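# Observations on chain architecture
Next come the chains, spelled out residue by residue.
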Amino acid sequence: MRGGSWLVFLIVCSLVVAGGGRSGFCAGFALYEGSARGNALGGAMVGRADDPSALFYNPAGITQLPGIQVMTGLTAIAPSTDVVAEGKTTSSKDNVWLAPHFYTTFQFSDRLWFGLGVFTPFGLGTEFDKNWPGNLVSYNAVIESLNINPNVAIKLTDTLSIAAGLDAVWLDLDLENRIGLGSLGSTDQTLTGDTFGYGFNLAARYQPCDWVALGVAYRSEVSENIDGHASFSRQVAIPGYLDLVDKDATGTLKLPDMVFMGVTFYPTPKFSFEVGAIWTRWSTYKELTIVYDTPISSGVSSVTRQKFWHDTWRFQTGAEYKAANWLDLRVGYDFDEEPVNSKYADYLVPANNRHLFSVGPGFHWNNWSLDLSYTYLLITDRTVTDSATKNFINPSVFENGDAQLLGLTVGYKF
């Protein structure tokens, strides 16, 4: 690669990774946008796993990649939803959140490969007007993350490969809500904090013949112990009664373990399709507790919000057609289950089950590749009538939820 091309490529990589990782209205707050090609195929890249984004979908697949390969890009997500509460319809604010990705793979020998992925496994962005009816729960919630994920992959035989890696997950939390003080009025609370948590991943890919390949990958649970800070727009201190002044706060958040599965079929040299699923163990997310370093009121030094989410499935399928040596055409579909139980629904994730419809082309010239994707995400309506936290979550309807997702990925083979 010439010096000028190197400079351009490194600048693009730096901008993408520095862009942060935010998203909105994903399943819970998991993200599945690992690459533009993967987006266009509905995430059906687990059995396929034949480009550097395999580090996201199934790292065992990097044993198919000769030499050194690099891939980077992002997915821009523009979500929207309406919440009907207390007889008033409130629309979420228009935002565009970014989910970046960067991958590089290196073939060390005929049997051994190394890979490094940096991508966004979790994210959340939900913002409403400060004065909307649900502001006691939240009017702005942002979760950002990046997973720094080195992997080692081994080709055990010509048909079977395995991989293992470390997940170092950075998580940043920013939550804003209003606290009612009765006759004293109210104050706005901002909770911020970040941390690193660690886990691991394991993967395998098996291709017994030319026309079928099977893949499976596991990512472990990651515990995030968040060191943060609580600040209040109006400082209220009444000895023995209230102490709403800026102070440190901590919290623990468990990111769920996940299993990726896929079977890819190659009926002809130009056409392939995959069917698969992702299982996410959201039942690990039972509550969110914030502990303040000093009590915020008489005898109260922590606040707990019960969650009791349930495990979910994401079913996905995608097809790819090689229309020319320089052009691939792709289409995908996903059905994504919502993990939030209606009894514990809240306004941080005002959503329901989702349908995702995706398309996108892939372009190739010399050692370069460019993948593009467009996804329309449709969220089914939800009515919440039996909340376990009636003082905060009144009978509500989540409706008109959708999102537009645009993906772009650039790749180079050395």
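Within every chain, residues take consecutive numbers counted from 1 along the sequence as written. Side-chain atom pairs in this predicted model are given and counted only at pLDDT of 80 or more, local residue features only at pLDDT of at least 70, and totals for whole chains, interfaces and linings cover all residues. Where side-chain values are given, they derive from all heavy atoms of the structure, hydrogens and water being excluded.

### Remarks on the packing of aromatic side chains
Side-chain rings of Phe, Tyr and Trp (the six-membered ring for Trp) are treated as a pair once their centres are within 6.5 Å; stacked means planes under 30 degrees apart, edge-to-face means over 60, and tilted covers the remaining angles. Applying the stated criterion to the full structure yields 27 aromatic pairs. Arranged with centres 4.8 Å apart and planes meeting at 70 degrees, the rings of Phe56 and Tyr57 form a pair that is edge-to-face. With respect to burial, Phe56 and Tyr57 carry one shared label: buried. With a centroid separation of 5.0 Å and an interplanar angle of 75 degrees, the aromatic rings of Phe56 and Phe119 are classed as edge-to-face. Exposure categories follow from relative accessible area, calculated using a 1.4 Å probe and restricted to protein chains: below 20% of the type maximum is buried, above 50% is exposed, and the middle band is partly exposed.

### Observations regarding the pattern of salt bridges
When a carboxyl oxygen of Asp or Glu is within 4 Å of a side-chain nitrogen of Lys or Arg, the pair counts as a salt bridge. As enumerated under the stated definition, the model contains 19 salt bridges in all. Among the ionic pairs, Arg111 bridges to Asp158, the shortest N-O distance being 3.9 Å. In this pair, Arg111 is assigned in the loop between β3 (97–107) and β4 (112–119) and Asp158 in the loop between β6 (140–155) and β7 (160–180), connecting sequence segments 47 residues apart. Residue Arg111 is classed as partly exposed on the basis of its relative accessible area, which comes to 37%. Residue Asp328 pairs with Arg330 through a salt bridge whose shortest N-O separation is 3.3 Å. This pair shows no difference in class: Asp328 is buried, exactly as Arg330 is. Beyond isolated ion pairs, a larger network of salt bridges with shared partners links Arg37, Arg48, Asp50, Asp51, Glu320, Lys322, Asp328, Arg330 and Asp371. The way it works is that DSSP assigns letters per residue, a run of H or I at least four long becomes a helix, a run of E at least two long becomes a strand, and they are numbered from the N terminus.

### Quick word on the pairing of strand β2 (residues 88–91)
Paired strands, as defined in this entry, are two strands with at least two bridges between them according to DSSP. Bridge analysis of strand β1 (residues 68–85) against β2 gives four bridges, and the strand direction is antiparallel. Along β2, the bridge assignment pairs Asp82 with Ser91. The hairpin turn running from β1 into β2, its antiparallel successor, is two residues long, and Glu86 in that turn takes a positive phi close to 55 degrees.

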